[in-house]
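Summary of the model geometry
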Amino acid sequence: MLLFCSLSAVLGLVAEPPVEFTPKEQRRILQHSPVPAVPEDTTNAWSMDPDAAHLGQALFFDSGFSRNNQVSCATCHGPMIAWTDALPLATGLETGTRHSPSLLNAAHQRWFFWDGRADTLWSQAMHPIETVAEFDSTRIAYIRRIHDDTAYREAYESIFGPLPPMDDELRFPPGVRSDSPEWDELPAADRALVDRAFANCSKAIAAYEGRLRSVDSPFDTFVEGLREDDPGKLAALTPAQQRGLQLFVGEAGCRQCHSGPLFSDFEFHNIGIPTGHGGPPRDPGRFAGLKVVQNSPFSAHGPFSDDPNGSRARRTASVVQGQEHWGSFKTPTLRNIERTAPYMHQGQMGQLEDVLAFYNTLEDMQVQDHHQETVLQPLDLTEEQLADLAAFLRSLTSPLPSRSLMGPVDPRTGKPPAKQ
Ligand code: HEC
Ligand code: HEC
């Protein structure tokens, strides 16, 4: 009999007891689903424009904008792996210092990058072009290429109006980077023309990124089941996953930061994970990122924003830099976490189990002299509880968006490009 019982448990023949959630736990769980519709970004007048999204998709997959013609946005944000790259540190023309995050549901974020140094999705998209480790190009060369390519030019001009005369190389020298003294010597009006076109292209990319939604995970079905009291839908999570969920919203305290439908509070925390390079942390994280965004001409309150007095703009202006920002990073979303290894801002942790082991023991935690938040305590969970938590996190995986969003397109139509 005993033998029969354990054998059938192994074979899954005997149902495990169902998990009972208290009303408080249920309220907490309901806060994590569904993912709402993408909000309109008032700082980007084209955020919902389908033509802009087609142009943006073409730009996203085009490696012709990088110095060596080999790097596109998709190099580090590959559609087949949830718009990430599976590397600890991103590699474009060189290897960078941070890990590539997923772009799924990115339009819901409040701050962009691990340190939040961009406050809109569109202004984020301007950074990679001139970053040496990524495209290592210039904004002038970028707009020049759009100008010289019939398909791009037609698409751009039908959405945003005429491009500047970029083929005038004396006026718009393609090799000049915006962080060089030569750029400062160009007439302010010409710099503004380039910056405007550059911001427009980035707004088109953001319109495309807004379509990268990922919403229907087994967890979402389970939450529907809770709302509708539907046992069929509740069965979308295994008993182990339900026990993991209970830990997540309860004893393990994960929801303190990984809260809401994206499993992120969109804020910054220093959780003291060991650095990827050994030794003390060198990355100031939010401390530096906040100053960058507040001083950027492309911020939500800047001249290229379509809503410079709106709530995004006010939020950016109102944050005050403090010591607690040092070494803090944005709480990442946990949706699709199964597909986005390795983890953390430097890809320090290879597997979900490594992340959970860290939270469980806080071994090698980097405690800093600055005023660090100390909300984390070792969890001391059992092996079985850790396995349940991992099983729950794996229930946050959704089907990828439509295949039509996963590759290059003609910028005018959004259809796959005609074969040459
Ligand atoms: C060389 C690899 C690489 C390339 C190329 C690249 N990215 Fe990224 N991307 C990253 C890394 C790394 C980060 C995080 C960097 C940081 O926080 O400092 C990031 C961050 C982002 C974010 C912020 C996501 C978030 O949750 O905060 C968005 C959006 C994004 N990239 C879109 C793009 C777009 C659009 C392009 C093309 C114009 C692009 N990326 C090109 C590696 C890359
Ligand atoms: C105090 C806020 C806070 C709490 C509590 C917290 N996290 Fe995190 N979590 C973060 C931050 C911030 C990061 C990114 C840290 C970094 O890269 O330096 C992170 C990273 C992660 C990652 C890696 C995600 C990725 O894409 O790289 C996972 C997985 C994760 N947390 C799961 C959990 C789980 C499970 C719990 C509960 C046991 C938990 N977290 C508790 C703030 C928190």
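Use the structure listed above.
These notes cover the structure that comes with them. (Residues numbered from 1 in each chain as written. Chains lettered and ligands numbered in written order. Predicted model: local features only at pLDDT ≥ 70, side-chain atom pairs only at ≥ 80, totals over all residues. Heavy atoms only, no water.)

Okay, the site of ligand 1 next. Taken together, 28 residues form the shell around ligand 1, and within it Cys 73, Cys 76, His 77, Phe 113 and Lys 330 come nearest. Taking Arg 117, its side chain carries an N or O atom lying 2.8 Å from an oxygen atom of ligand 1. Tallied by class, the residues present in the shell around ligand 1 amount to 15 nonpolar, eight polar and five charged. (Near = heavy atom within 4 Å. Polar contact = N/O pair within 3.5 Å; in protein donor to acceptor, adjacent residues only side chain to side chain. Nonpolar A, V, L, I, M, F, W, Y, C, P; charged D, E, K, R; others polar.)

Here we take up the coordination of the iron atom of ligand 1. In an ideal octahedron of six donors the angles at the metal are 90 or 180 degrees, and in an ideal tetrahedron of four donors they are 109.5 degrees. Protein coordination of the iron atom of ligand 1 rests on one atom only, His 77 (NE2), at 2.1 Å. Within the fold, His 77 resides in the loop between α4 (73-76) and α5 (121-124). (Donors = N, O, S within 2.8 Å, 3.2 Å for Na, K, Ca; no water. Helix = DSSP H or I, 4+ residues; strand = E, 2+ residues; numbered from the N terminus.)

Around ligand 2, 24 residues are found, and the nearest of them are Cys 254, Cys 257, His 258, Met 344 and Tyr 359. Within the backbone of Met 344, a nitrogen or oxygen atom sits 2.7 Å from an oxygen atom of ligand 2. At 2.7 Å from an oxygen atom of ligand 2 is found a side-chain nitrogen or oxygen belonging to His 345. When its residues are assigned to classes, the shell around ligand 2 shows 19 nonpolar, five polar and no charged.

Summed over the entire model, instances satisfying the criterion amount to 17 aromatic pairs. With centroids separated by 5.7 Å and ring planes inclined at 55°, the aromatic side chains of Phe 65 and Tyr 152 adopt a geometry described as tilted. One end of the pair, Phe 65, is in the loop between α3 (50-61) and α4; the other, Tyr 152, is in helix α8 (residues 150-160), and 87 residues separate them in sequence. Classification of Phe 65 by relative accessible area gives buried; the value is 3%. (Phe/Tyr/Trp six-rings, centres within 6.5 Å; stacked < 30°, edge-to-face > 60°. Buried < 20%, exposed > 50% of the residue type's maximum accessible area, 1.4 Å probe, protein only.)

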